[in-house]
Amino acid sequence: MNRFAWLLDRLAYEPRRNAKLALIADYLRTTPDPDRGLALAAMTGGLAFPNAKPGLIRALIAERTDPVLFALSYDYVGDLSETVALMWPARHGANQVPHLPDVVDGLRNAGKTDLPRLVSSWLDALDETGRWALLKLITGSLRIGVSARLAKTAAASLGGVSADEVEHVWHGLEPPYVALFAWLEGRGPRPEATDPAPFRPVMLSHPVEEGDFARMEPAAFQAEWKWDGIRVQAVSGTRPDGTRVTRLFSRTGEDIAASFPDVVEALTLDGALDGELLVRRDETVQSFNTLQQRLNRKSVTAKMLVEYPAHIRAYDLLIDGEEDLRDLPLSERRLRLEGFVAKLASPIVDLSPPIAFANWDELAAARADPAAAGAGSDAEAVEGCMIKRLESPYLPGRPKGHWWKWKREARLVDCVLMYAQRGHGKRSSFYSDFTFGVWRTGEEGADELVPVGKAYFGFTDEELVELDRYVRKHTLNRFGPVREVRHEAETGLVFEVAFEGLQRSTRHKSGLAMRFPRISRIRWDKPPREADRIEALENLLPASG
Amino acid sequence: MTLARQSARWRPSELLVPMPAGLYCPPADIYIDPVRPVARALITHGHSDHARSGHGSVLATRETLAIMALRYGEGFTEAQQVAVPGETIRIGEVDFRFVPAGHVLGSAQIVVESRGLRIVASGDYKRERDPTCAGFEPVACDIFITEATFGLPVFRHPPAAGEVAKLLESVRLFPERSHIVGAYSLGKAQRVMALIREAGYEQPLYIHGAVEKITGFYEKEGIALGEIRPVARTDRKALGGEIVICPPSAAQDLWARRFPDPVTAFASGWMRIRARARQKGVELPLVISDHADWDDLQATIRETGAGEIWVTHGEAEALVHWCGTAGLKAKPLHLVGYGDEGEAEPVEEAADAAV
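Residues numbered from 1 in each chain as written. Chains lettered and ligands numbered in written order. Predicted model: local features only at pLDDT ≥ 70, side-chain atom pairs only at ≥ 80, totals over all residues.

Trainee: Please set out the overall build of chain B residue by residue, giving values where relevant.
Mentor: In terms of helices and strands, chain B carries 12 helices and 19 strands. For chain B, the residues scored as buried account for 53% of the 355 residues in total. Of all intrachain contacts in chain B linking residues separated by at least 6 positions in sequence, the fraction that spans at least 24 positions is 60%. (Helix = DSSP H or I, 4+ residues; strand = E, 2+ residues; numbered from the N terminus. Buried ≥ 20, exposed ≤ 12 C-beta atoms within 10 Å, placed from the backbone. Contact = placed C-beta atoms within 7 Å.)

In structure tokens:
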């Protein structure tokens, strides 16, 4: 456990990707099975401990500390595991420091009644770093700046193979990945990729920059709408016994099929589609807000299936039957995709239509007015264009020079800072979450500010330090981790806030909800009275609501 | 009637009261660590948030007066008087006594006593051994005024020797990389150097220009720090494998990048919090503090036997809460201008570095 804790600790402080890779690879090379495989599972999200929950840790620390002191400490540190690791009353030499396999075994198999005693005995035995690592393992979010992909890349380096090769066999493997390491170290055969519906790494795009167009010949590209839904990979395959396996992966490989039985039912052909998950009702694609009603649901009611019918708008085909199409150019994959969707013949799977354009000015015009350029009533769900090279193969990650996204211009509005909250994680101890408002005429006729959104990014680290200082110097009231900041006509701070879209919302006092708000500029120069009024936002609402 | 009033015991707020300029003692007409220029000031120690220039007269330890003169020039005050630790100085009907606080060289608590009421204003203090300054001496009192920079139970400083061992281990692991150690230029830098020497490291130590003056002063005061070389007169490219001490602000500066593949370390109690270390881009956090940690704050409060605790700055809320659970009367003074939750010192360092 100490060695694993040491690795996590080093990774948490190491900002450089290559150094992280070297640290992980070195650990995997020098640590025996099954420890290293369990560490790899921890870094790739492959360990789940259904009985071990943050609530367990809260209960354990509550038995040992004053609740007020715990609350103040947690607020300050901003991370449950770290707070508990630091506050845990030391009992040096209480027990033997546990081994990682024993910890994993205990967390997996111990019953709800035994777990508290087991976990507390480990915490007693470990030092601060060890406690922190153990608690990270239990809560399941390591937050050490290591993605599953990075950990697999490090593992792949043991055998001098690419991360994609590891990715390919990954779904047939289980922690502690003994067969994987045997293969990578040349001691065993390549593991079989037995999963009939595995995830394939997704191809991502770059934001298009002003100068890019000069180097891009319009005829070499295809353009599509960029839909404001969820990128999914819909994979279906047949097991050797003839039964069908269908999965709906998010772009990070998380299977969300359980929330979308209607989609799963429609996917009756072996293959892997790349597309956008949307809600489509009355022949019209609905807003992202509507789609959110269907997300993260453990159980899906019949009523929800009717009210929020899911839909896949397909734009690529990775696998057709048994055939891997990813090396083919997009132009050929598109033809295969059209055939596949036609054969599927499902009302809830259709093609993302190409946008007709002869030059970049025409595409710019389409992007500015999607409704008139073919998107019709779906235009509200368009957040820009995708520009894809017709020759592009389907490559994992974010390869340069193939796909670009060209988002619609963000809307800008000047708002006044009203409340600030301490951030979590990297931002703990800094006031970094900002609630801002715009002016409206209050019930008694006087102008008042009404909150319209909250943003926690868009500024640099240096600006964050200044904002934090500003908040502390202009605090009116404190409510736990939240401070009310002075916001009057002449005293206060104006943010230029950028956002992607606006919806009506009954959850907010202003009746509005912003999508993707961020601080685009801090207007130190602007007096609050010159900030925008609510009417300016209301004018931006979609007519249909 | 006047006589009767004079002989009556002071109410605490009549002897010491928080004012915007700092803690004020009305019967002596004098401030402790005032944050703005006043006629008469008592200064606990030389850190710039406590020791400011421009007062009419300053009473402080010989070392603190010397540090203020080094930082602000000889004219930092119109008049000065040396407070000898342990000796009583009477002003009006108030007795003042300076007692070592263990924070940095020359740092002192100030015992304020009159008409049988004794208040100790401890300034900043720590309990861990420090080879560069006199250790903290607890003074029994009625009211103990304490800082709470690390007044949360998450702050438990490990032994400093272990942290220095981490640094030396890293130097052994990466013999080609410069180790840049951010440390406040007054106190922390010299303490870290002294600890490095105690750990048996004998190579020269390199220091940033902003650390030179105070380090020279410490050496003149008889604190052995081994061979010290200014970075300014050295080829930085040749400093692979060497230890360089600089103010925290310089460690993130362009200045630090000119060393061969530097490892960024920072010696501070804040390094206990991972997010703090990451925000500052620190790769090698060293939890070494010149302030009392949570356990030492409690132990010190108990040792003084004080029935009432005033908390000046830092995480006052938690410490006041703890006092309540321990049956002690306690209140935060909400003094502003000190530490600013510990972040004031880097600003000071930036100013120093610019000199």
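Trainee: Can you tell me about the overall build of chain A, naming the residues and giving the values?
Mentor: In terms of helices and strands, chain A carries 19 helices and 20 strands. Looking at chain A as a whole, 40% of its 545 residues qualify as buried. Residue pairs in contact within chain A that sit at least 24 positions apart in sequence constitute 68% of those at least 6 positions apart.

Trainee: So what's going on with the interface of chain B and chain A? Residues and values would help.
Mentor: Every contact between the two is made by 20 residues of chain B and, on the other side, 22 residues of chain A. Per-class residue counts for the side of chain B that touches chain A are 10 nonpolar, four polar and six charged. (Nonpolar A, V, L, I, M, F, W, Y, C, P; charged D, E, K, R; others polar.)

Trainee: Help me get a handle on the packing of helix α1 (residues 2-13) of chain A against helix α2 (residues 17-30) of chain A, residues and values and all.
Mentor: Residues and elements named next belong to chain A. Orientation of α1 relative to α2, taken along the N-to-C sense of each, is 170 degrees, at an axis distance of 10 Å. The angle between α1 and α2 falls in the class roughly antiparallel. Residues Leu7, Arg10 and Leu11 of α1 form the contact with α2, whose own contacting residues are Lys20, Leu23 and Tyr27. Classifying every residue of the contact of α1 with α2 gives four nonpolar, no polar and two charged. (Axes fitted to C-alpha atoms, helices over the stretch in contact; angles between N-to-C directions. Parallel < 35°, antiparallel > 145°, perpendicular 65-115°, else oblique.)

Trainee: How would you sum up helix α5 (residues 188-198) of chain B? Please name residues and give values.
Mentor: Residues three or four positions apart in an α-helix share a direction because the helix packs 3.6 residues into each turn. All names here are of chain B. Among the 11 residues in α5, nine count as buried, and that is most of the element. All of the buried residues in α5 are Lys188, Ala189, Gln190, Arg191, Val192, Met193, Ala194, Leu195 and Ile196. Contacts made by the buried residues of α5 are with α4 (160-173), β12 (179-182), β13 (205-207), α6 (209-220), β15 (243-246) and β16 (263-267). Immediately beyond the C-terminal end of α5, within one or two residues, lies Gly200, with a positive phi of roughly 95 degrees.

Trainee: Before we move on, could you go through the sheet that holds strand β19 (residues 329-332) of chain B and cite the residues and values that matter?
Mentor: All names here are of chain B. The sheet built from seven strands is open, its strands ordered β7-β8-β9-β10-β11-β18-β19 with mixed pairing. Two strands bound the open sheet, and with one partner strand each, they are β7 (88-91) and β19. The sheet shows a mean angle of 20 degrees between the axes of neighbouring strands, taken without regard to direction. The strands that helix α10 (residues 294-304) touches are β10 (117-121), β11 (143-148) and β18 (308-314); relative to β11, the one it contacts most, it runs at about 170 degrees. Against the sheet, helix α11 (residues 316-325) engages β11, β18 and β19, with an angle of about 170 degrees to β19. (Pairing = 2+ DSSP bridges.)

Trainee: Describe in detail the nonpolar core, supporting the description with residues and values.
Mentor: Counting 166 residues, the largest nonpolar core has Leu134 of chain A together with Val112, Val181, Val192, Val244 and Ile245 of chain B as its most contacted members. Every residue in contact with Leu134 of chain A, bar those within four places of it in the chain, is listed here: Met1, Val103, Trp122, Leu123 and Leu126 of chain A. Counting residues in each nonpolar core, the second largest holds 52 residues, with Phe221, Phe249, Ile319 and Phe357 of chain A among its members. (Core = buried A, V, L, I, M, F, W, Y, C linked by C-beta atoms within 7 Å.)

Trainee: If you had to explain the sheet that holds strand β17 (residues 284-286) of chain B to someone new, which residues and values would you point to?
Mentor: Residue and element names in this part refer to chain B. Across the sheet, which stays open at both edges, the six strands sit in the order β14-β13-β15-β12-β16-β17 with parallel pairing between neighbours. Where the open sheet ends on each side, the last strands, each with one partner, are β14 (228-230) and β17. Each strand of the sheet is rotated relative to its neighbour by a mean of 25 degrees, with strand direction disregarded. Here β12 runs beside β15; their pairing, made up of four bridges, is parallel. Bridge pairing in β15 links Val181 to Ile245. Its contacts with the sheet put α4 on β12, β15, β16 and β17, and the angle it makes with β17 is roughly 155 degrees.

Trainee: Can you tell me about the packing of α1 of chain A against helix α9 (residues 128-139) of chain A, naming the residues and giving the values?
Mentor: All names here are of chain A. Direction vectors running N to C along α1 and α9 enclose 85 degrees, while the axes themselves pass 9 Å from each other. By the angle between their axes, α1 is roughly perpendicular relative to α9. Along its contact with α1, which presents Asn2, Phe4, Ala5, Leu8 and Asp9, the element α9 presents Thr129, Gly130, Ala133 and Lys136. By residue class, the composition of the contact of α1 with α9 is four nonpolar, three polar and two charged.

Trainee: Explain helix α3 (residues 62-72) of chain B to me, using residue names and the numbers behind them.
Mentor: Residue and element names in this part refer to chain B. Three or more residues of α3 are buried, namely Glu63, Thr64, Leu65, Ile67, Met68 and Arg71. Structurally, α3 contributes buried residues whose contacts are with β5 (55-60), β6 (77-82) and α6. Gly73 sits one or two positions beyond α3 and adopts a positive phi of about 95 degrees.

Trainee: Break down the environment of Ala272 of chain A for me, citing the residues and quoting the values.
Mentor: Residue and element names in this part refer to chain A. Note that Ala272 resides in strand β5 (residues 271-281). For the pair Ala272 and Gly237, spaced 35 residues apart in sequence, the C-alpha separation works out to 8.6 Å. Ignoring any residue separated from it by four or fewer positions in sequence, one finds Ala272 in contact with Arg200, Gln233, Val235, Leu318 and Ile319.

Trainee: Tell me what's going on with unusual backbone geometry, and back it up with residues and numbers.
Mentor: Across residues other than glycine, the phi torsion is negative in most instances, and most of the peptide bonds are trans. All names here are of chain A. Asp33 connects to Pro34 through a cis peptide bond whose omega is 0 degrees. Along the chain, Pro34 falls in the loop between α2 and α3 (35-43). A cis amide bond links Pro175 with the next residue in sequence, Pro176, at an omega value of 5 degrees. Within the element layout of this structure, Pro176 appears in the loop between α11 (163-170) and α12 (178-184). Unlike most non-glycine residues, Ala345 shows phi in positive territory, near 45 degrees. Among the secondary structure elements, Ala345 is positioned in the loop between α16 (330-344) and β9 (349-351).

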